[in-house]
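Reading the structure
Listed below are the residues making up each chain.
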Amino acid sequence: MSTNLTPKKLNTEDYILYILNKLEPDKSDKIRLNKLAFFAEFAYLLKFKRPLSTAEYAGIDLGPVINDYDTILKNMQKKNLVKVDGYKIRPLASPSVQLPTEDTEFIDGIIQKYSQLSKNELIGISHLTDSYKITTKNETVMGGKIDKKLALLETFLLDDEHDEPLHEDELPRIDRSQLVPYDTR
């Protein structure tokens, strides 16, 4: 059953609340939140060709994360939206908007798929993403914002054989002079 809701872009706080409300309490931590947010957002961008949220992402030592997530979580705690206890995060509220059924089914599938992995597996997979590698110049420059247009490179996020093939002209334009060669062994 589909709702008549218009596709809506979640603000960062609502997006965080959405994810936290879907996680088992023992798996509700900062690393898992950041990895699931990145995977769901980039898979959503790849499939629907529009952003899911206003969240921005940065490449840091532990892989892609919601840009400035620590400050965002502290502000959310001040508003009594979450409780942060070290690395654990508990939602105290639900998102203020409701998404269409098609969106929630898709996002929930990504969350379900990746929330079963260990934190080390999530970190490892996120380090292998092209968007992270490009942004961090093959993990040599940390802290840069990840361009959401690079989601088109993360085709592994969609393993549904019914998805439309990606056409080369849809890929973001890359300045080849800025590419960093991968190390070979």
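Just above sits the structure.
1. Remarks on the pairing of strand 3 (residues 82-85)
Relative to strand 4 (residues 88-91), strand 3 runs antiparallel, the two sharing four bridges. Looking at the pairing, Asp-85 lines up with Lys-88 of strand 4. If you look at the hairpin formed by strand 3 and strand 4, you'll find two residues sitting between the two strands, and Gly-86 has a positive phi there, around 70°.

2. What to know about the packing of aromatic side chains
Applying the stated rule across the entire model yields nine aromatic pairs. Joined through ring pairs, the aromatic side chains of Phe-38, Phe-39, Phe-42, Tyr-57, Tyr-114 and Phe-156 make up one cluster. Above the plane of the ring of Phe-48 lies Lys-47, whose end atom (NZ or CZ) is 5.7 Å from the centre.

3. Thoughts on the sheet that holds strand 5 (residues 145-146)
Judged by pairing direction, the sheet is antiparallel, and its three strands sit side by side in the order 2-1-5 without closing on themselves. The sheet is open, and its two borders are formed by strand 2 (63-66) and strand 5, each paired with just one other strand. Where strand 1 (residues 57-60) lies against strand 2, four bridges are found, and the strand directions are antiparallel. In the sheet register, Tyr-57 faces strand 2, and the bridge partner there is Ile-66.

Rules of the game
Residues numbered from 1 in each chain as written. Predicted model: local features only at pLDDT ≥ 70, side-chain atom pairs only at ≥ 80, totals over all residues. Heavy atoms only, no water. Pairing = 2+ DSSP bridges. Helix = DSSP H or I, 4+ residues; strand = E, 2+ residues; numbered from the N terminus. Phe/Tyr/Trp six-rings, centres within 6.5 Å; stacked < 30°, edge-to-face > 60°. Lys NZ or Arg CZ within 6 Å of the ring centre and 35° of its normal.

By themselves, these observations are geometric and do not establish any function.
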